[in-house]
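Fold and contact review
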There are 2 protein chains.
Amino acid sequence: MNDTGQGTRGRILDRGLDLMSELGLAGVTLGVLASDVGMSKSGLFAHFRSKEAVQIALLQRMAVVAQDVVVTPAMALPPGLARLTGLVHNWLGWTTKAGLRGGCPVAAALFELDDIENDVRAKVVAMESHWRWLLAQLTAEAVAQGELRDDLDVDQFVWETCGVYLSHHASRRFLKDPHADQRALRAFEALVQRSRPKAPPVDDNPPASRGPP
Amino acid sequence: MNDTGQGTRGRILDRGLDLMSELGLAGVTLGVLASDVGMSKSGLFAHFRSKEAVQIALLQRMAVVAQDVVVTPAMALPPGLARLTGLVHNWLGWTTKAGLRGGCPVAAALFELDDIENDVRAKVVAMESHWRWLLAQLTAEAVAQGELRDDLDVDQFVWETCGVYLSHHASRRFLKDPHADQRALRAFEALVQRSRPKAPPVDDNPPASRGPP
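Residues numbered from 1 in each chain as written. Chains lettered and ligands numbered in written order. Predicted model: local features only at pLDDT ≥ 70, side-chain atom pairs only at ≥ 80, totals over all residues. Heavy atoms only, no water.

Secondary structure summary: chain A contains ten helices and zero strands in total. In chain A, the succession of helices and strands from N to C terminus is α-α-α-α-α-α-α-α-α-α. Considering chain A as a whole, with its 213 residues, one finds that 48% of them fall into the buried category. Considering only intrachain contacts with a sequence separation of at least 6, the fraction spanning at least 24 residues in chain A is 65%. In the structure as shown, chain A presents an accessible area of about 9,900 Å², 55% of it carried by carbon and sulfur atoms. Averaging the positions of the 23 positive and the 25 negative side-chain charges in chain A gives two centres separated by 6 Å. (Helix = DSSP H or I, 4+ residues; strand = E, 2+ residues; numbered from the N terminus. Buried < 20%, exposed > 50% of the residue type's maximum accessible area, 1.4 Å probe, protein only. Contact = heavy atoms within 4.5 Å. Areas by Shrake-Rupley, 256 points an atom, 1.4 Å probe, with all protein chains shown as cover. Lys, Arg positive; Asp, Glu negative; His and termini not counted. Charge placed at Lys NZ, Arg CZ, Asp CG, Glu CD.)

Further remarks concern the packing of aromatic side chains. Residue and element names in this part refer to chain A. Within this structure, the stated rule accounts for seven aromatic pairs over all chains. Plain terms: the ring middles of W91 and W131 are 5.0 Å apart, the flat faces sit at 55 degrees to each other, and that makes the pair tilted. Of this pair, W91 sits in helix α5 (residues 81-91) while W131 sits in helix α8 (residues 119-144), placing them 40 residues apart in sequence. For W91, a relative accessible area of 8% translates into the label buried. (Phe/Tyr/Trp six-rings, centres within 6.5 Å; stacked < 30°, edge-to-face > 60°.)

Note on placement: E160 of chain A falls in helix α9 (residues 154-174). Residue E160 of chain A is classed as buried on the basis of its relative accessible area of 12%. Leaving out residues up to four positions away in the same chain, E160 of chain A has contacts with L191 and R194 of chain A together with A187 of chain B.

What follows covers the environment of V70 of chain A. Residue and element names in this part refer to chain A. Its place among the elements puts V70 in helix α4 (residues 51-75). The exposure class assigned to V70 is buried, which follows from its relative accessible area of 2%. In this structure the C-alpha to C-alpha distance between V70 and I116, which are 46 residues apart in sequence, comes to 28 Å. When residues no more than four places from it in sequence are discounted, the contact partners of V70 are L87, N90, W91, W94 and W131.

Least-squares fitting of chain A to chain B yields an RMSD of 0.0 Å, with the transformation described by 0.0 Å of translation along the axis and a rotation of 180 degrees. Taken together, these values place the two copies in the relation of a two-fold axis. Residue G163 of chain A, judged by its C-alpha, is the member of chain A lying nearest the rotation axis, at 2.1 Å. The residues that chain A uses at the interface reappear at the interface of chain B in 100% of cases, marking a shared surface. (Least-squares fit on C-alpha atoms with pLDDT ≥ 70 in both.)

Shape is all these values report; function is a separate question.
If you want it as structure tokens, here you go:
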């Protein structure tokens with residue numbers, strides 16, 4: 001690991017992530033970022049060779065922050081539906097929980113970069129694919145535990161969960177709907193209920209409580 | 001109606017709408033649009049006084065195109081679930097059906113403009129609110145006809161339908177998932193099934209077919 005300039009670079013990335021959450025990827029140019037951190041453009045150029053290099057570094061920083069705010073606390077929960085539900089709850093509105101001014105840069109990039117081909121898009125595709133893979137893993141754990149039904153289409157479940165997230169993002173941040181959180185939780189809960197086993201498994205023990213998680 | 005320059009203006013708007021669907025609102029500057037239609041920037045300036053004026057005119061043009069491709073054919077269907085389902089099916093991927101190169105400018109704007117305050121944002125808020133009002137009206141018609149249950153939370157239904165649309169947009173255009181259409185139709189169908197009356201209404205006539213619409 002190269003520590004030279006790491007402090008400055010870290011400060012640039014923290015400010016840049018905040019900017020990116022507010023302005024989207026396209027809004028964070030070398031000029032805007034330099035002005036925001038109080039550096040010259042040539043000073044910034046010593047750290048990042050291009051706008052694309054800045055954007056990719058900011059997306060990597062975002063992944064670290066999201067890991068701390070969204071993933072790590074969920075992974076501390078018991079595997080299965082508790083962990084999956086925890087992850088989804090942490091994910092909804094995560095940028096606010098992380099102290100960022102704006103919305104989720106990846107959600108915005110899904111619409112901003114849909115018709116572009118470059119390294120930034122490839123980075124977002126990789127991040128979004130990894131994220132959906134994680135959601136699928138936790139969903140599959142809930143299936144394995146018998147909390148979700150064993151013929152569940154896990155990819156469809158993840159697809160619909162992503163729809164809840166995007167609808168929440170649009171209604172909370174863009175439409176400023178005060179009921180956005182409540183609507184998202186209801187939608188996800190309905191998806192979970194629809195994915196529950198059809199009937200309790202045949203067992204010899206008294207049934208455990210089957211209330212909502 | 002002022003016809004002066006309407007032909008040129010119409011041509012500018014058609015090209016601009018195509019550009020906006022590809023580049024997002026921020027991508028359509030006076031310079032980009034002038035270059036695309038083969039005019040000078042000052043020539044374009046005779047038609048539109050500012051970037052914001054262009055963007056608002058393009059959004060208005062979009063509404064006209066979407067009306068033709070999405071709304072009008074649906075309104076020709078019988079009121080109730082048939083019309084609602086028709087509207088949602090026409091909506092999914094509507095820009096491709098309209099011959100545009102890119103995605104839905106309003107969907108992109110929900111994420112692009114979430115942290116900005118200007119007249120363009122206000123225009124998108126008005127369009128999105130009107131659109132959700134229309135979805136709510138058609139959903140309420142399906143409730144009134146007894147096809148959806150009478151205690152349905154119509155706003156929640158619309159909220160979740162918007163999630164299906166956004167997830168479809170992201171998976172089809174950004175992730176290029178070949179199953180995007182099928183996943184969206186399954187998600188919407190599941191939402192409809194969950195919103196059906198719990199039991200058939202008490203009636204004296206033999207029940208009609210209750211297969212999928």
